[in-house]
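# Breakdown of the fold
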Amino acid sequence: MAVLPDDMTYFINTRLFDVVTVPRTHVPLGTVGLVTAVAGRVRPTDRPFARHVQCDDFQDGDAFLVNGGEQGRQLSVVLAGGTSYAINPLLFKVTTVNNLEDSGDGLTSDDLREVAVPIGYAGVVVTLDGDIPNRSDGDMIGPIIPGHRSFQLPWVFLEQGGVRGVQEEVLSEGETYALNPWFVRVVLVPTRYLILEWRTSENWESLNHDAHLDEITFSVQGHRLRLPLTQTLRIPASAAPRLVSAFGSPSGLGGVISYRVTMQRFADRVLGTTVANFLHGLAATSTVDDLIGRYHQIKVELSDQIRASLDEWGVVALETVMGPFEVEDPRLNETLRRIVETRTTETTKSQLLMHENQIDEMRVRAERRRAALELEREVELLGYDNVEMRRIIGKISKMQVPMAVSADISGLLDYLPMTIASSLLRQLRELRTAQGKKTEGSPENPSQL
């Protein structure tokens, strides 16, 4: 178990001891080393990993064995990439990117690299060991377990009762993690804006997230119609584990995986099915003319259907872009195009007229407010009675009356309409009565007024 520290000289009786010099175990920068113990207790058959034992990164073989270290794969990884370790190769086998050919378990150099989650992605973690989850409650996602430093201390995860499978806790974008690929698999799910397009099969690219969204075609009144459609959406990091759980992740060893099949299945089974069902119901109850006439309404209804479907998965629907209906018959397609242009022009004119009416109404209301404010200021300065009398005189001055009348006001009344004359006499009587009441209590000396 013991090893001799390097860079020292020892006086050893070579008749009693054979000293074998071996290279220190070097783990390249940005990678991890996996450890398999070839000595120790026999681990239980129901556990894929040996029990974790503190042993100075496997440099203290005596502590490993004395404290109950077990044979087989170890949960801990040699964390510090770019460092070398004095590990006894007769006690521990360390797999690095430098000796992968000797591992024999299908690992690749990518599996041993530190997991870096790019910007615009969430790392969904699938643990390959843990308690068997209770699926009877319908919850397919493992709960958050504290203390394991984002799955970098897997023995803490297991000791705290973590379950195997997809985990609710995700790895944050822009971070790097030293993870054991025997223990976890990381599926990258895009959280940036995604634009999914329904298109013909010859334009498919198998790596695109919308690879399974075929061109939209349906029949109405015996005519074959096409509908160009694109959908912009965003997957929050909190929704990513559910998508991976529902639509699958690759099997095998761990490591980081950009598994586009998950998103392709989601796009096909959720978005594709929602749009297909909507158009199937539309085709059964509409004519071609109905589709053209109700284009904008149909676009709103389809957007609402897509938004509701994505909401059920916690995915945000940002924009639905629906192109015009296209018919395979060129002549009918040209006729429909002219109809759409005519109706669009009529709609535009109607909207312009409505806007003009709204502008006129706003101008009238503004003029009324201005007149009301001017009247209010005039009343504050002159008093209500004087303002009223000024307005009466102003109206009278605009009437068609003789250039001269007799001194008696009755001469003027002969030329006034009955309603105006009556109103004028009534208001004059009220003013005279009001002024008479004010003068009853006036002092005899006018200077005191």
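Located above this text is the structure these notes cover.
Described below are features of the structure shown in this document. No experiment lies behind these values; they were computed from the predicted model shown.

Taken N-terminus to C-terminus, the directions of helix H3 (residues 240-247) and helix H4 (residues 260-285) make an angle of 80°; their axes are 9 Å apart at the nearest point. For the element pair H3 / H4, the angle class is roughly perpendicular. Residues Leu 243, Val 244 and Phe 247 of H3 touch H4, and the partners they reach there are Thr 262, Met 263, Arg 265, Phe 266, Arg 269 and Val 270. Of the residues in the contact of H3 with H4, the class split is 6 nonpolar, 1 polar and 2 charged.

It is worth spelling out unusual backbone geometry at this point. Located in the positive-phi region is Asp 57, a residue other than glycine, with phi close to 55°. Relative to the assigned elements, Asp 57 resides in the loop between strand E2 (33-37) and helix H1 (61-66). Positive phi outside glycine occurs at Phe 151, with the angle close to 70°. Relative to the elements of secondary structure, Phe 151 occurs in the loop between strand E7 (121-127) and helix H2 (154-159).

This part is about H3. At 3.6 residues per turn, the α-helix brings residues three or four places apart onto the same side. The complete set of buried residues in H3 reads Ala 240, Pro 241, Leu 243, Val 244 and Phe 247. Summarising the axial view, the buried residues of H3 lie within an arc of 160°, below the 170-degree limit, and thus occupy one face. The secondary structure elements touched by the buried residues of H3 are E7, strand E8 (165-171), strand E10 (184-190) and H4. Phi turns positive, to about 95°, at Gly 248, one or two residues after H3.

Before going further, it helps to examine the packing of H4 against helix H6 (residues 295-311). Two elements in contact, H4 and H6, have axes whose closest approach is 10 Å; the angle formed by their N-to-C orientations is 145°. Pair H4 / H6 crosses with right-handed handedness. Here H4 contributes Phe 266, Val 270, Leu 271, Thr 274, Val 275, Phe 278 and Leu 282 to the contact with H6, which in turn contributes Ile 298, Glu 301, Leu 302, Gln 305, Ile 306, Ser 309 and Leu 310. Residues that form the contact of H4 with H6 fall into these classes: 10 nonpolar, 3 polar and 1 charged.

This brings us to the pairing of E8. Most of E8 sits out of view: 5 of its 7 residues are buried. As defined by bridge partners, E7 adjoins E8 across 4 bridges and the pair is classed as antiparallel. When the sheet's bridge partners are listed, Gly 123 is paired in E8 with Leu 171.

Take a negative patch on the surface next. Residues Asp 56, Asp 57, Asp 60 and Asp 62 make up a contiguous surface patch of negative charge. Along the chain, the position of Asp 56 falls in the loop between E2 and H1.

For the coordinates displayed, the defined rule picks out 11 salt bridges. Between Arg 47 and Glu 70 there is a salt bridge, with its nearest N and O atoms 3.1 Å apart. One end of the pair, Arg 47, is in the loop between E2 and H1; the other, Glu 70, is in the loop between H1 and strand E3 (72-78), with 23 residues separating them in the sequence. Judged by its relative accessible area of 7%, Glu 70 is buried. With its nearest N and O atoms 2.4 Å apart, the salt bridge here joins Glu 374 to Arg 370. A residue pair is termed a helical-turn pair when its members lie 3 or 4 positions apart in one helix, as Glu 374 and Arg 370 do in helix H7 (residues 330-382) at 4 residues. By relative accessible area, which is 37% here, Glu 374 ends up partly exposed. Salt bridges linked by common partners bring Glu 197, Arg 199 and Asp 210 together as one network.

What counts, and where the lines are drawn
Residues numbered from 1 in each chain as written. Predicted model: local features only at pLDDT ≥ 70, side-chain atom pairs only at ≥ 80, totals over all residues. Heavy atoms only, no water. Axes fitted to C-alpha atoms, helices over the stretch in contact; angles between N-to-C directions. Helix = DSSP H or I, 4+ residues; strand = E, 2+ residues; numbered from the N terminus. Parallel < 35°, antiparallel > 145°, perpendicular 65-115°, else oblique. Contact = heavy atoms within 4.5 Å. Nonpolar A, V, L, I, M, F, W, Y, C, P; charged D, E, K, R; others polar. Buried < 20%, exposed > 50% of the residue type's maximum accessible area, 1.4 Å probe, protein only. Arc of directions from axis to C-beta. Left-handed = near helix turned anticlockwise from the far one by under 90°. Pairing = 2+ DSSP bridges. Patch = residues over 30% accessible without salt bridge, like charges linked within 9 Å, V, L, I, M, F, W, Y side chains within 5 Å. Areas by Shrake-Rupley, 256 points an atom, 1.4 Å probe, with all protein chains shown as cover. Salt bridge = Lys/Arg side-chain N within 4 Å of Asp/Glu carboxyl O. Lys, Arg positive; Asp, Glu negative; His and termini not counted. Charge placed at Lys NZ, Arg CZ, Asp CG, Glu CD.

Just distances and angles here, no functional claims.
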